[in-house]
Every structure is written in C-alpha cells, then in structure tokens.
Amino acid sequence: MSDKKKKKTDGLFDTEVLDTETPVEPHYEQPHVKDFDGASYEPEEDRAADAGADVGTMEDVEAVMRKYDKESNTRIWEGKPKFAVDILMAAFSVYCIWSTLWSNWGIEKRLTFFMGCMLILGFITYPITKKHVKVNSLPWYDIVIMALGAGAFFYYCFTYDIFAVTVKSASSMTSFYSIVGLIGVLSVVELCRRCVGLPILFVAGALVIYTFVSGINFDRFIYTLFYSVNGILSTPINVCAKFIVVFVIFGAFLERTGIANFFIECANFVAGSASGGPAKVAVIASALEGMASGSSVANTVGSGSITIPMMKKTGYRAEFAAAVEASASTGGQIMPPIMGAAAFLMAEFLGVSYAEVATRAILPAVLYFLGIFIAVHLEAKRSGLKGIPRSELPKFGALIKDIYLLAPIVVLVVMVSTNTKTIQFSAAISIVVAIVASLFKSETRITPRKFMDALAAGARGSITVAVACAVAGIISGCINVTGLGMTLIGTVVRLSGGIPMIGLILTMLCCIVLGMGVPTTANYVIMATTCAPILERLGIDPIAAHFFVFYFGIVADITPPVALAAYAGSAIAKSNPMKTGLQATKLAIGAFIVPYVFALNPTMLFIDAGVADIILICITAVLGMFGVAVAMNGFLYVRLHWYSRLGFMAGGLLLLVPGIETDIAGLVILVALTLITRGIKHKREAAPAE
C-alpha cells in the first residue's frame, strides 16, 4: 500500500488518516496535510526552511523587536563609553541591593532617589525614537530632559525635610514646587513612551483629563502625583524598588550560570525522542526557564533560538513552531515556584505566605502547559513527525553533574518558604549562591567581567519595570484624588448586573489592554492595584482575583495586536507575526479558560478543598484540558469535523468546571467521542487500498 492519506466521510467525522502499514519517513517526508483551521499546506514548500536554511538570525530578531517592542529600541554604546555606562549601571544595582537590605531612609527619600537614578539610566539607554539610534550618541535635548527630570526627583529627595515642614498639604504648595513636580511627572511620562509604549499612557492620559474635568486644581494634582505617597511614590514603585529590582539582578546572575542551557538539555532528555520531540522540548524548557526569567520575550528569544530551528527541522510549520515557543515562554511566567518573581509579590500584596501562593498556582500552571503539550503531540501525530534520535540526546549522567546549577533557586525557595529571611534578603543570598555555583565549570564561571555585566544587565532590565510601575502610580494617584476607584468598581458592578461572569469579562479586557508591552512583574503590580479590587467587590475570593488579573495581564504578550513574545518567536522562525500571535493564542487557550474556572469556583486553587476534592479536581481538570486541546487542534486519531470539535470542547469545559454532575457529563462525552474516533481509525486502517 502506498503511504498516501485516505480520506472519507463517515458520520460526524471528516476523517483523514495516515496509512500506518507503511512507515512514514522521518522528519520531512510528510504527505499533504491540513493545519488547525483546515487550510491546506504542503510541507515540501518549506523543506529548505525545515532543514535550517531559513531561520532568523539575532539581527532579524532585533529588527522585528525594534519595530514592535519599545524596550528593544536602545542606544548603541561601544568602547570606553560602553564601559562607562556599564559601570554606572552596575553601581546602581549595588546601590539597590544595599538600599533594600540596609537603608533606613524614609520612603519619600528612598523612592525619589531611586527614581532620579532610574531616569538617568533610562534616558542614557532609550533614544527619543528608533530613528535616532546612533553609536555613542546622546543628543543635547536628551541630556536636558534627563537633567531636568532626574533633578526634580533629586531636589525633592535632598530637600524633603524642609518640604515636610513648609508644605503640609496641596493648599500650601508654591509655584516653584508645582513646576518641579510637573517636570518630574512629564519626564516619567516621556521615558515611559520611549521604553514601555503608548497603551498604558493612553489609560493614564484619560485619567489625567478626567481628574481636571472633575474639578481637581493643578496644585492638588501635582501634590498627589509627585509629592505624596499616593502617586508615583505609591505601592507599585515601592514594591519595585524593594523587591523587583533585586529579583531582576538575581535573574541576570542566574542567566550567566548557564542554567537556561541546563533546562533545555533536561527537556531534551525527557521528551526529545518523542513524536515531534523538539516542540515538546520547547514546552518543557520554557516552563523551567520561565520560573526564573521575568520576561516572556527574553524567554522566547533565549530558548527559542535553539528550539524553533529544531522544530522547523522536524517538520513543524514556521508559525506553529514560533507560536509553541511564545506560548510556552509566556506560560513560564505563571509557573511556580517563582512565577517571574510575581509569587513573592503576590504573597506581599495578599498578606499570605509565599508557600500558599506557590501551592495554589500549581494546578492552573500544569493545565496551561498540558494544553500546549497535548496540542503539539496531536500536531506531530497528525503530520507524522518524529523526534530526535536517542544517540543525539544528552545522557543522564551528564545532566546530573550539572544539577548544582539549581542551587540558587532551591535556596531562594527554601529561605522564603520557611520565613528564614525577608524576600529581598533571600534574593540577595541567592545571588551569592549563583556566583558560587558558577565556579565549578570554566564555561559558566562568573568572572569579574561577567560579574559587572550581570550587575549592569540587572539595572538595565529594571528600567522598563520601574517606569511602568511609576506610571501605574500616576494611574493610582488619579483614581485616588478623584475618588474614581469606587466609581469604577460601582460601574463594573452595575454593567455586570451583579453577574460575576460579566464582571470577569470586563476585567479581562482591562487587564489585556493594561498589560500590553509591560514586563511581567510590573504587569502584576499594575493589575493588583487597579483591577483586582474590582473582582473582590464582585465577591471573588481575593487569591482567585489576584491570580485572575495576573493571568490575563500575562497573556497580553501573545494576544494580538501587541503580542511581543509571539513577534519575537516569529522573527526567529521567519513567520508572519500576526499569524503567529493568533496561533499562540489558540495554543494558550488554557490561560483564557482556567482563570474563569478558579475565579467562579476557587476549588481549583485548592481553596476550601479536602484531600479527596483535590484528587478529584486534578483528575477531572487534566481530562478537561485534554478535551479542550483536542477541540482546538481538530485531530484525534482522525481529522475531526467541526461539530465533533464542539463536542470535545463541551466535554472538556464540563470537566474543568468543578462539580459531580458536570464531571460525569463531561467524562461521558469525552469517552464516547474518543472511542468513536479510535474506531473510525481502525476501520480506515483495515479498509482495502483504493
């Protein structure tokens, strides 16, 4: 019998089965197949690409990211100017570690000095537009803006004692203080435009207009936003200066220990030889790397430069390969125990233990990655893709020798879980452990030069986070000074008619808009201060509310039109960015479904659940995600007709919703449909050749 596909229509299923009597040739010799949407494609057209000839270089990645990602539009420093900038960045990182551990400055002095330094570093790093990127160039107007903006914050820092005595409230503000404050606010806004983007500024701008329309005078506006702890100096930037920067520095040191390569090697060992192995490697590696990485985009570029060419070589389409890496890398931000540092911040916001947050995050994260894993497995089976030969995979003994690279993460988690030390002190100790762990191999050893590079990278990576948090403070200040917070909550409650589902949908849309282009940790801080209170007012459990807004803030990285992680993956795969973003959204369907489930019934977060309840919900949730993944892929043994896919989706959703009645109904639907598809596959295999 030939190795062509046989296609027949039988009942509910538009079947399309591989002839399994003749083995499929490995890697590239795949017959004519269809993609998720039923559109035909021919792998032969991409054979050169699959062989690795059509893979984006780092220059391609940088070009695409400069186009879509504000954070990637940086100045180019070389030679002695670069060394000077690195020294400045490294010095700031050292100051941040010292400040968060031992400084006894008041919050106003500490945060204004932090913001003054951040503005200097920010304007040194980010040009006014991407067209103004020149080697070793800092235009005079940037120097002026930088000096004025940083000077405003430094002035407040060093004259705070006088200010506190002479200015008791907004009514005692002088014109001079108002001008200084205005300069400080405008400099933050300009830097945000350069390195974060416009979406968050549109929100802030609308609130500023509302503030003045509401009758708030200029002096009170500036006093609230610049001088009080209810504006720029509010919770978001305080959390950033106290916790986030230290974790960003920790991530920079961890990266230089070679742990990312260790994660990829581990994933190769576990799943590399399976059907479509490289895609499964991407899922596992990104889940592991995302635990320590605080950026979906950085995770995509880091592991994607290895996994995406591997996927294309195996036979996956370019869009699919890029989407797998982008969705998995984004999911790494929700993966305990670290969750891109958000787990520690969430514990701080909620006033609960870190261990509780990490425990409650386990099942939703597993379901997210399970959905992607099943999707890539079904895609591999549908296209007849094979894995990497065992002879080319790493050996267990070699991996065990590098297990010590996990020591920094283990130390961090143990210290925080046992409340041995504060979160920031634990992160600082983990930096020391990372340096020690790196010394065992010459390839990963952190030399003095690497040490300075890590400090500089930590400071550089903190800029966008700090600026986003500062603008979140502007948003918070406008809400506070106008009393808009209760109005917004009341409006959402009225629009929802008291129905939690409608309130959740409205909040989801807000989170996706506010999360566009914002780094993970800053993303969560913004969501926790602006969106989570709305859900709590609707009666959602506080922990579930914070997880809900965190999830939907994160998926902004793969949700068009501003899907930065997907665009980064598309640059490596040389695929269409928008199609990649849409494909990544399909793969990450778990992130759009699971939050609604645990928000409406927090049993999935192990809240108010006994041992039997936990076991039951784990089993049913896994089966439910299987049904959803099959529905999105459209293949299980045979190609599924659209109403069969609806059946799998219905069964999966019923199993995801906690409850005996829904579990039984969902299980019956999934079992019946699975048996039917398997029976049709056997029937087609047994049919004589045509």
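The structure reproduced in this document is the subject of the present report. Since we're looking at a predicted model, the values are computed, not measured.

## Remarks on the environment of Ala90
Positionally, Ala90 belongs in helix H3 (residues 79-102). In this structure, the C-alpha to C-alpha distance between Ala90 and Ala456, residues 366 residues apart in sequence, is 4.3 Å. Dropping the residues within four chain positions of it, Ala90 is found in contact with Met452, Leu455 and Ala456.

## Some thoughts on unusual backbone geometry
The phi dihedral of Lys574 is positive, around 55 degrees, even though this residue is not glycine. One can find Lys574 in the loop between helix H27 (564-573) and helix H28 (577-587). One non-glycine residue, Tyr637, lies in positive phi territory at about 70 degrees.

## Brief notes about the packing of helix H23 (residues 500-514) against helix H26 (residues 542-554)
With their axes 8 Å apart at the nearest point, H23 and H26 run at an angle of 45 degrees to one another. In terms of their interaxial angle, H23 and H26 are classed as oblique. Crossing of H23 over H26 shows right-handed handedness. For the pair H23 and H26, the contacting residues are Leu504, Thr507, Met508, Cys511 and Ile512 in the first and Phe548, Val549, Phe552 and Gly553 in the second. In terms of residue class, the contact of H23 with H26 is built from seven nonpolar, two polar and no charged.

## Concerning the environment of Leu393
By secondary structure assignment, the location of Leu393 is in the loop between helix H17 (362-383) and helix H18 (396-401). In the structure, Leu393 is positioned 123 residues away from Val270 in sequence and 9.5 Å away in space, judged by C-alpha atoms. What Leu393 contacts, discounting residues up to four positions off in sequence, is Asn268, Gly272, Ser273 and Ile388.

## Some words on the packing of helix H30 (residues 611-633) against helix H32 (residues 660-686)
Viewed as axis vectors pointing N to C, H30 and H32 meet at an angle of 40 degrees, and their least axial separation amounts to 11 Å. Taken together, the axis directions place H30 and H32 in an arrangement best described as oblique. In this structure, H30 crosses over H32, and the sense of that crossing is left-handed. Together, Leu616, Thr620, Leu623, Phe626 and Gly627 of H30 and Ile660, Asp663, Leu667, Leu670 and Thr674 of H32 make up the contact between the two elements. Classifying every residue of the contact of H30 with H32 by side-chain character gives six nonpolar, three polar and one charged.

## Considering the environment of Ser329
Looking at where Ser329 falls in the secondary structure, it is placed in helix H14 (residues 318-331). The class for Ser329 is buried, based on a relative accessible area of 0%. Each C-alpha atom, one on Ser329 and one on Asp557, is 9.8 Å from the other, the two residues being 228 residues apart in sequence. In this structure, Ser329 is in contact with Ser286, Ser296, Asn299, Thr300 and Ser303, ignoring residues within four places of it in sequence. In terms of polar contacts, Ser329 uses its side chain to reach the side chain of Glu325, at 2.6 Å.

Calculation criteria
- Residues numbered from 1 in each chain as written.
- Predicted model: local features only at pLDDT ≥ 70, side-chain atom pairs only at ≥ 80, totals over all residues.
- Heavy atoms only, no water.
- Helix = DSSP H or I, 4+ residues; strand = E, 2+ residues; numbered from the N terminus.
- Contact = heavy atoms within 4.5 Å.
- Axes fitted to C-alpha atoms, helices over the stretch in contact; angles between N-to-C directions.
- Parallel < 35°, antiparallel > 145°, perpendicular 65-115°, else oblique.
- Left-handed = near helix turned anticlockwise from the far one by under 90°.
- Nonpolar A, V, L, I, M, F, W, Y, C, P; charged D, E, K, R; others polar.
- Buried < 20%, exposed > 50% of the residue type's maximum accessible area, 1.4 Å probe, protein only.
- Polar contact = N/O pair within 3.5 Å; in protein donor to acceptor, adjacent residues only side chain to side chain.

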